[in-house]
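Structure at a glance
Residues per chain are reported as follows:
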Amino acid sequence: MELYLEREAALIEAILFLESEARDEAALARISELSKEVVEQTLAYLKEKYQNTDSGLELSYISGGWLLAPKHELWNSFLRERYGKKNENRLSRAAMETLSIIAYSQPITRAEIEAIRGVSADNMIRLLQERELIKEVGKKDVPGKPVQFGTTKKFLQLFRLNSIADLPRLDKTESERFELGR
């Protein structure tokens, strides 16, 4: 990295440390009053810096923005147990099952969720909406125009995903299960 960008990289690093949510390049440029090109250069430098050190942090691109987060292997080992509870407010097995169905099958209606689960989904849908993990994304073009649900940006952040395309792939048996109500 060129010498003149060290101060800029330090500024972007400090902003990422202080921000509670992921920020895209445009927002970082606006906050830091640096050009978008300089921000992009400093992000590339910081990503490499964190990958090539024994730091407990990494620069992550999550849900369309950048943030400093614990390294994935540390988070999954013992940090999640202590610190994840504060942010995640553990979901029950039924809520996780409903959330998984929505994530993999979105947009999906309540009736389709219930057909896959085999039980009423009213309470789980309400809970997931209250936690802002799912939202109404439209209405299905069938008689009665039922509401369709999809996941939110908060869902992506919680599961450290950049987009729904980053969800783990399902095997054939699992894929068929998510299609029962279709």
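Residues numbered from 1 in each chain as written. Predicted model: local features only at pLDDT ≥ 70, side-chain atom pairs only at ≥ 80, totals over all residues. Heavy atoms only, no water.

Further remarks concern the packing of aromatic side chains. Scanning the entire structure with this criterion turns up two aromatic pairs. With a centroid separation of 5.0 Å and 45 degrees between ring planes, the pair formed by Phe 155 and Phe 159 is classed as tilted. Classification of Phe 155 as buried rests on a relative accessible area of 3%. Note on Phe 159: relative accessible area 32%, which makes it partly exposed. Directly above the ring of Tyr 50 sits Lys 49, whose terminal nitrogen or CZ lies 5.5 Å from the centroid. (Phe/Tyr/Trp six-rings, centres within 6.5 Å; stacked < 30°, edge-to-face > 60°. Buried < 20%, exposed > 50% of the residue type's maximum accessible area, 1.4 Å probe, protein only. Lys NZ or Arg CZ within 6 Å of the ring centre and 35° of its normal.)

Tallying each qualifying case throughout the model produces seven salt bridges. The partner of Arg 160 in a salt bridge is Glu 58, with the nearest N and O atoms 2.8 Å apart. Here Glu 58 lies in strand 1 (residues 57-62) and Arg 160 lies in the loop between helix 8 (153-158) and helix 9 (172-178), a separation of 102 residues in the sequence. Residue Arg 160 is classed as buried on the basis of its relative accessible area, which comes to 18%. Across the salt bridge formed by Lys 145 and Asp 141, the nearest N and O atoms sit 2.7 Å from each other. (Salt bridge = Lys/Arg side-chain N within 4 Å of Asp/Glu carboxyl O. Helix = DSSP H or I, 4+ residues; strand = E, 2+ residues; numbered from the N terminus.)

Time to look at the nonpolar core. Within the largest apolar cluster, 20 residues are counted, with the highest numbers of intra-cluster contacts made by Leu 99, Ile 102, Ile 113, Leu 128, Ile 134 and Phe 155. Among the secondary structure elements, those contributing two or more residues to this core are helix 5 (93-105), helix 6 (110-117), helix 7 (122-130) and helix 8. Broken down by element, the residue count for this core peaks at five residues, all from helix 5. Look past the residues within four positions of Ile 102 in its chain and what remains in contact with it is Ile 108, Ile 113, Leu 128, Ile 134, Phe 149, Gly 150 and Thr 151. Counting 16 residues, the second largest nonpolar core, distinct from the first, contains Ala 9, Ala 29, Leu 34 and Val 39. (Core = buried A, V, L, I, M, F, W, Y, C linked by side-chain atoms within 4.5 Å. Contact = heavy atoms within 4.5 Å.)

Before going further, it helps to spend a moment on the sheet that holds strand 3 (residues 108-109). Strand order in the open sheet made by the three strands is 3-5-4, with antiparallel pairing throughout. Of all the strands in the sheet, just strand 3 and strand 4 (134-139) have a single pairing partner and so form its edges. Of the pairings in the sheet, the one linking strand 3 to strand 5 (residues 147-151) comprises two bridges and is antiparallel in character. Bridge pairing in strand 5 places Thr 109 opposite Gln 148. Most of the contacts of helix 5 go to strand 5, to which it runs at about 95 degrees, and overall it touches strand 3, strand 4 and strand 5. (Pairing = 2+ DSSP bridges. Axes fitted to C-alpha atoms, helices over the stretch in contact; angles between N-to-C directions.)

Considering the arrangement of structural elements, one finds Gly 65 in strand 2 (residues 65-70). With 43 residues separating them along the chain, Gly 65 and Ala 22 place their C-alpha atoms 4.6 Å apart. Once residues lying within four places of it in the same chain are set aside, the contact partners of Gly 65 are Ala 22, Arg 23, Asp 24 and Ser 60.

Another aspect to go through is helix 6. If you check which residues of helix 6 are buried, you get Glu 112, Ile 113, Ile 116 and Arg 117. Buried residues in helix 6, looked at end-on, bunch into an arc of 130 degrees, giving them a common side. Of the residues one or two after helix 6, Gly 118 is the one with positive phi, at around 85 degrees. (Arc of directions from axis to C-beta.)

So, on to the packing of helix 6 against helix 7. Helix-helix packing is described using two parameters, namely the angle between the two axes and the distance between the axes. Packing of helix 6 against helix 7 brings their axes to within 10 Å, and their N-to-C directions diverge by 120 degrees. The orientation of helix 6 relative to helix 7 falls into the category oblique. Note on packing geometry: the crossing formed by helix 6 with helix 7 is right-handed. Here helix 6 contributes Arg 110, Ile 113, Glu 114 and Arg 117 to the contact with helix 7, which in turn contributes Asp 122, Met 124 and Ile 125. (Parallel < 35°, antiparallel > 145°, perpendicular 65-115°, else oblique. Left-handed = near helix turned anticlockwise from the far one by under 90°.)

On to the pairing of strand 1. Relative to strand 2, strand 1 is paired through six bridges, and the arrangement is antiparallel. Residue Glu 58 lies in a different strand from strand 2, and its bridge partner there is Ala 69. In this structure, the hairpin formed by strand 1 and strand 2 is closed by a connection of two residues, where Ser 63 is found at a positive phi of approximately 55 degrees.

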